[in-house]
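Each chain, letter by letter, is given below.
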Amino acid sequence: MQLFYTPQHARVGDVIPYYEDGKFHLFYLKNWNPYFGSDRKDGWHLLNTKDMVHYGPETAIGILGGTGSVIKADGIYHLYYCVFEQNPQRQYVCHATSRDLDSWTKHEEETFGPDETIYLPTDWRDPYVFWNEEENCWWMLLCAQSQGKTGRRGCVGLCKSADLHHWECCEPLYAPHASMAAYECPDMFYENGWWYLIFSQFTDRFQTIYRMSRSCHGPWKRPKTDSFDGRAFYAAKSCGDGNHRYLFGWNPTRTQNTWNFDPDPNHEGYDYKTYDWGGTLIPHEIYAREDGTLAVRPNPALKEVLSIQNDVKWAPMNGAWEIGETSAVVDTPYAYASALSENDVPHQAVWHLISRFLKERSALPWHCRWMRSLREATIST
């Protein structure tokens, strides 16, 4: 059992989920850095799970490229991904097909870049393909940057197709002129009268966020709380099983200093280090509130496998805590309050946490950190 999957010698990068016949097929980009063993196989890997608690087996599928999507049409699996060129920098969308999800035939003649009258050629990646019943055609969303007179060009690009082989570039689906970086890993679905557009951004926020609209064309509303988790939850894509919809992202490590941004490489505290690309697989269940806004909660299967109760005693440190036999509640106008556990806490557990914050802070996603002696862990809710 591995509640948050991490491959040996590597990290989980962007996840591309596909569901069929009671099983989630989790394609993902594998980050081996800095491992160079003989068993290293770069590119897309396929990981299977039925409950997001038990994972495996894992195989490399021979696709070398960036994030994309997998769909099935007329008995054929279609995989879309992206590739990168340097000097000059350009990005392209690629297509491959399969009958078994393992062996893929690449259609190199279908590789295409953007219409450069609409988009910049430097950002054209992360294709997400789905059937839009409202328009009776296939839509492809892309991480892109639009042409413009300022640097605020980040957008969600759009292409349309009738046959999954020929694509027409259209005007951006979402271009708020708010970001100087492209919106990564776009995802879109319709549920309960709302269209939801999910993407990740990495400028002022390193986070997975979403927008909502009554129409697939927008306008796109930014909800008051527009994120699903903390700032370490990134590149998340959604997938449904017919009853529930889940969000698959990753929480990064801080050990490699991938971007050389660490302020002090010799500092022993990881809180001062920057996020690496890739880390641990984090699955959440998505649910809608009464007003249509989205939130996430732990995978329901955890209730079946984590059934032993462990009562935790708490010692308040900062904040006006109310400590009961089965609860620890804090009410504070500030962004910080702390309490330490007086007894051992298991390495794997489900925490039922209740927070009360003034100034309408109760809807904010947050992390709870506990420390005992020299052992430390972070629990996301």
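Residues numbered from 1 in each chain as written. Predicted model: local features only at pLDDT ≥ 70, side-chain atom pairs only at ≥ 80, totals over all residues. Heavy atoms only, no water.

### Considering the overall build of the chain
Rule in force here: Counting from the N terminus, the helices are DSSP H or I runs at least four residues long and the strands are E runs at least two residues long. Atoms considered for the radius of gyration are the C-alpha atoms alone. The globule rule reads 2.2 Å times the number of residues to the power 0.38. Categorising residues by exposure relies on relative accessible area from a 1.4 Å probe, with only protein chains included: less than 20% of the type maximum marks a residue as buried, more than 50% marks it as exposed, and the intermediate range marks it as partly exposed. The contact criterion used is simple: two residues touch if any of their non-hydrogen atoms lie within 4.5 Å.
Helix and strand counts for the chain stand at one helix and 26 strands. Here the chain has a C-alpha radius of gyration of 22 Å; the compact-globule value for 381 residues is 21 Å, and the two agree. Residues classed as buried in the chain amount to 49% of the 381 residues present. Contacts in the chain between residues far apart in sequence, at least 24 positions, make up 50% of those at least 6 positions apart.

### Examining the sheet that holds strand E15 (residues 206-213)
Counted only if it meets this: The criterion for strand pairing is that DSSP finds at least two bridges linking the strands in question. Interaxial angle, 0 to 180 degrees, is taken between N-to-C directions of lines fitted to C-alpha atoms, where a helix line uses only the stretch in contact.
Taken together, the three strands give an open sheet; going across it, the order is E13-E14-E15, and neighbouring strands pair in antiparallel fashion. Unpaired on one side and paired on the other, strand E13 (184-191) and E15 mark the two borders of the sheet. Strand after strand, the sheet turns through a mean of 20° between neighbouring axes, direction not considered. Across six bridges, the pairing between E13 and strand E14 (residues 194-202) is antiparallel. Bridge assignment links Phe189 to a residue of E14, and that residue is Tyr196.

### Observations concerning the confidence of the model for the chain
Low pLDDT marks stretches whose predicted atomic positions should not be read closely. Quick reminder of the rule: Confidence of the predictor at the level of single residues is given by pLDDT, which spans 0 to 100.
Across the chain, the average pLDDT comes to 88, with 92% of residues at 70 or higher. In this model, residues 355-381 is a region of pLDDT below 50 whose contacts with residues beyond four sequence positions or in other chains number 56 contacts.

### A few points about the environment of Glu110
In this structure, Glu110 sits in the loop between strand E8 (105-106) and strand E9 (119-132). With eleven residues separating them in the primary sequence, Glu110 and Arg99 have C-alpha atoms 19 Å apart. Those residues in contact with Glu110, other than ones at most four positions away along the chain, are Val93, His95, Leu164 and His165.

### Re unusual backbone geometry
Here Asn33 and Pro34 are connected by a cis peptide whose omega angle stands at 5°. Along the chain, Pro34 turns up in the loop between strand E2 (23-31) and strand E3 (44-49). That bond from Asn87 to Pro88 is cis: its omega, 5°, falls within 30 degrees of zero. In this structure, Pro88 sits in the loop between strand E6 (76-85) and strand E7 (90-98).

### Some points on the side chain of Ser161
Convention followed: In protein, a polar contact requires one atom able to donate a hydrogen and another able to accept it; more generally it is a pair of N or O atoms within 3.5 Å, and residues adjacent in sequence count only if both atoms are side-chain atoms.
Note that Ser161 resides in strand E11 (residues 154-161). Here the side chain of Ser161 touches His166 through a polar contact of 2.8 Å, landing on its backbone oxygen. Setting aside anything within four residues of it in sequence, one finds Ser161 in contact with Cys137, Trp138, His166 and Trp167.

### Here we look at the side chain of Arg245
Put simply, the test is: The charged-residue count follows a simple rule in which Lys and Arg add positive charge and Asp and Glu add negative charge, with His and chain termini not counted at all. The term salt bridge refers to a pairing of a side-chain nitrogen on Lys or Arg with a carboxyl oxygen on Asp or Glu at a separation within 4 Å.
Position of Arg245 relative to the elements: it lies in strand E17 (residues 245-252). As a buried residue without a salt bridge, Arg245 has its nearest oppositely charged side chain in Glu191, at a separation of 4.1 Å. A polar atom in the side chain of Arg245 sits 2.9 Å from the side chain of Ser238. Discounting residues that sit within four places of it in the chain, Arg245 has contacts with Phe189, Glu191, Ser238, Cys239, Gly240, His284, Glu285 and Ile286.

### Things to note about the sheet that holds E6
Across the sheet, which stays open at both edges, the four strands sit in the order E5-E6-E7-E8 with antiparallel pairing between neighbours. Strands with a single pairing partner mark the edges of an open sheet, and in this sheet they are strand E5 (66-73) and E8. Inspection of the sheet shows E6 paired to E7 by nine bridges, in the antiparallel sense. What sits directly across from Phe84, in E7, is Gln91.

### Considerations on the pairing of E14
Summarising burial for E14: eight of the nine residues are buried, a large majority. Between E13 and E14, which pair antiparallel in sequence order, lie two residues; one of them, Asn192, sits at a positive phi of approximately 55°. Examined bridge by bridge, E14 and E15 share eight bridges and lie antiparallel to one another. By the bridge assignment, Ile198 is partnered in E15 with Tyr210. Where E14 folds back onto E15 in an antiparallel hairpin, the turn is made up of three residues.

### Things to note about the packing of aromatic side chains
Here is the rule we go by: Note on aromatic pairs: the rings of Phe, Tyr and Trp (six-membered ring only in Trp) are paired at centre separations within 6.5 Å, and the planes decide the class, stacked below 30 degrees, edge-to-face beyond 60, tilted for the rest.
For the structure shown, the criterion picks out 27 aromatic pairs. With a centroid separation of 5.9 Å and 90° between ring planes, the pair formed by Tyr18 and Tyr77 is classed as edge-to-face. In this pair, Tyr18 sits in strand E1 (residues 11-20) while Tyr77 sits in strand E6, placing the two residues 59 residues apart along the sequence. Tyr18 gets classed as buried once you look at its relative accessible area, which sits at 10%. The class for Tyr77 is buried, based on a relative accessible area of 7%.

### Concerning the state of the cysteines
Condition: We call a pair of cysteine sulfur atoms a disulfide whenever their separation is within 2.5 Å.
A complete count under the given rule lists zero disulfides for this structure. Among the cysteines around Cys82, which has no disulfide bond, Cys94 carries the closest sulfur, lying 7.9 Å off. No disulfide involves Cys216; its nearest neighbouring cysteine sulfur is the one of Cys137, lying 8.9 Å away.

### Some details on the pattern of salt bridges
In this structure the tally under the stated criterion is eleven salt bridges. A salt bridge links Arg125 to Glu184, with the nearest nitrogen and oxygen atoms 3.0 Å apart. Here the residue Arg125 occupies a position in strand E9, and Glu184 occupies one in strand E13, the gap between them amounting to 59 residues. Given the relative accessible area of 8%, Arg125 is considered buried. With relative accessibility at 16%, the residue Glu184 sits in the buried group. Note that Arg222 is salt-bridged to Asp226, the shortest N-O span being 3.1 Å. For Asp226, a relative accessible area of 3% puts it in the buried group.

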